[in-house]
Every structure is written in structure tokens, then in C-alpha cells.
Amino acid sequence: DHISDQSDLDVLVAQSDISGLLTYIKSFPGLTKIKHFHKSYMTIVELFFEDNSFLSLDLIHAFQRKWLNMLDAEKILRSPSLNKHELRVPEAQHDLEYAFLFYLLNGASIPEKYVNYFSSMGAGPVEKMQNHLTESFGLAKEPLDKLLEFQPEKREAIFQAIRQRKINTGIQALRNRW
């Protein structure tokens, strides 16, 4: 529930909503300056406030790494759940899959605080998340904490599975590169 001063906030949004969201953000009380930078898969928004605090938002509209689409952003936006603050958040398996891909494809294990967070969801949800990851990426079934550890061969298996997804083949693969 607490965001450290060094953190950014990743928010999944439809690309068509970014302009309206930027207009809304500009009306925040206490905001003194806003900078935003567009990339092919997200808009980075830097917010500076009167009290000298700072917040960086990553408005993600596509889950891409280089030219590969890692996750289906539209599917995730269509299937949110509500958290205890009644905010729309991704289903747990999508949340874990995002963290899994982000860290492992960058050559790192998922930090312990995230492993603990996902592990605390109970046996049923944990098993569902494990099955989703192992089936989606052709990985051996193992305890969640081990599954979330970086190994070079696991990273390669993940890349192979992502490359074979329909959205990363044929004409769509060419579109991803532009």
C-alpha cells in the first residue's frame, strides 16, 4: 500500500485513453510541472508537486520487449478485478505474469517482496498461477518461489514461447517492428 520515493507506478491503459488521461492529470491539485514522453508501447509521465515531491507514471498500452508482444494488453484490460480499495487491477495471474516476464527477461529473479505477495494468496490461486506460467511457457512445474528464480535456460524457453505466439508471427510480426 506504500510507494517508495524511488518507485514509478505502472498503469495499463488503452492507447486511445492516454490523451484524456493526460488532460485529467494536468488538473491535479498541487501539480507544478508535468513532462511526458511517448514510446511505442507506453507514455512516461513525470509529475512534480508544490511540496517538491515527484511521481513517475508509466502509462503502458502494449507489453512489448523489442519487437515482441509479451502479453495481450486488451485481454488484461477486459478482465480486471477490484482490489480492497475498489480499484481495477489485473487478475493475479496476469499481474504475476507481467512481473515474471519483466524480471526474468531482464536476467533477474523476481524480488522476494513480490514472491511473498503472490505466495500469500493461498494454495488454490498459487496453483492456478503456477499452472498458467508453466503451460504458457513450456516450463517444468516447480514450487512458485523456484519458478520465479532466474535461470538462463528458463529465459530462453520464455523467449521461444513468446516468439511462437500468433501476435509475433507473420504479418503481425512485421507490424510489431514498425
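Here's a quick rundown of the structure.

About the criteria used
Residues numbered from 1 in each chain as written. Predicted model: local features only at pLDDT ≥ 70, side-chain atom pairs only at ≥ 80, totals over all residues. Heavy atoms only, no water. Pairing = 2+ DSSP bridges. Helix = DSSP H or I, 4+ residues; strand = E, 2+ residues; numbered from the N terminus. Axes fitted to C-alpha atoms, helices over the stretch in contact; angles between N-to-C directions. Core = buried A, V, L, I, M, F, W, Y, C linked by side-chain atoms within 4.5 Å. Buried < 20%, exposed > 50% of the residue type's maximum accessible area, 1.4 Å probe, protein only. Contact = heavy atoms within 4.5 Å. Arc of directions from axis to C-beta. Salt bridge = Lys/Arg side-chain N within 4 Å of Asp/Glu carboxyl O.

Read from one edge to the other, the open sheet built from four strands follows the order β1-β4-β3-β2, with strand pairing classed as mixed. Edge strands, defined here as strands with exactly one partner in the open sheet, are β1 (8–12) and β2 (31–38). Shown here is a sheet whose adjacent strand axes are inclined to one another by a mean of 20 degrees, direction ignored. Across seven bridges, the pairing between strand β3 (residues 42–49) and strand β4 (residues 54–60) is antiparallel. Its bridge partner lying in β4, I44 is registered against D58.

Moving on, we get to the nonpolar core. If you look at the biggest cluster of nonpolar residues, it comprises 30 residues, and the most contacted ones within it are F100, L101 and F137. Going through the elements one at a time, β3, β6 (68–71), α2 (73–78), α3 (92–105), α4 (112–119), α5 (123–137), α6 (144–147) and α7 (152–163) are the ones with two or more residues in this core. A total of six residues in this core trace back to one element, the largest contributor, which is α3. For L101, the residues in contact, after removing those within four places along its chain, are M70, L71, N106, F137, I158 and I162. Listed in part, the ten residues of the second largest apolar core include V13, L22, L57 and L59.

Inspection of helix α1 (residues 18–25) places I18, L22 and I25 among the buried residues, and these make up the whole buried set. Taken down its axis, α1 places every buried residue within 65 degrees of arc, on the same side. Facing away from the buried side of α1 by more than 90 degrees, the exposed set consists of S19, T23 and Y24. Of the surrounding elements, those touching the buried residues of α1 are β2, β3 and β4.

In this structure the tally under the stated criterion is four salt bridges. Note that E97 and R165 form a salt bridge whose closest N and O atoms lie 3.6 Å from each other. With E97 in helix α3 and R165 in the loop between α7 and α8 (170–177), this pair connects stretches of sequence that are 68 residues apart. Exposure remark for E97: the relative accessible area of 4% places this residue in the buried category. Of the residues examined, R165 reaches a relative accessible area of 23% and is grouped as partly exposed. Here K146 ties to E149 by a salt bridge, and the two come within 3.6 Å at their closest N and O atoms.

What follows covers the environment of L57. In this structure, L57 sits in strand β4. Judged by relative accessible area, L57 falls into the buried class, the value being 8%. Distance in space between the C-alpha atoms of L57 and L47 is 8.0 Å, their sequence separation being ten residues. When residues no more than four places from it in sequence are discounted, the contact partners of L57 are L9, I25, T43, I44, V45 and L47.

As far as function goes, none of this settles anything; it's purely spatial.
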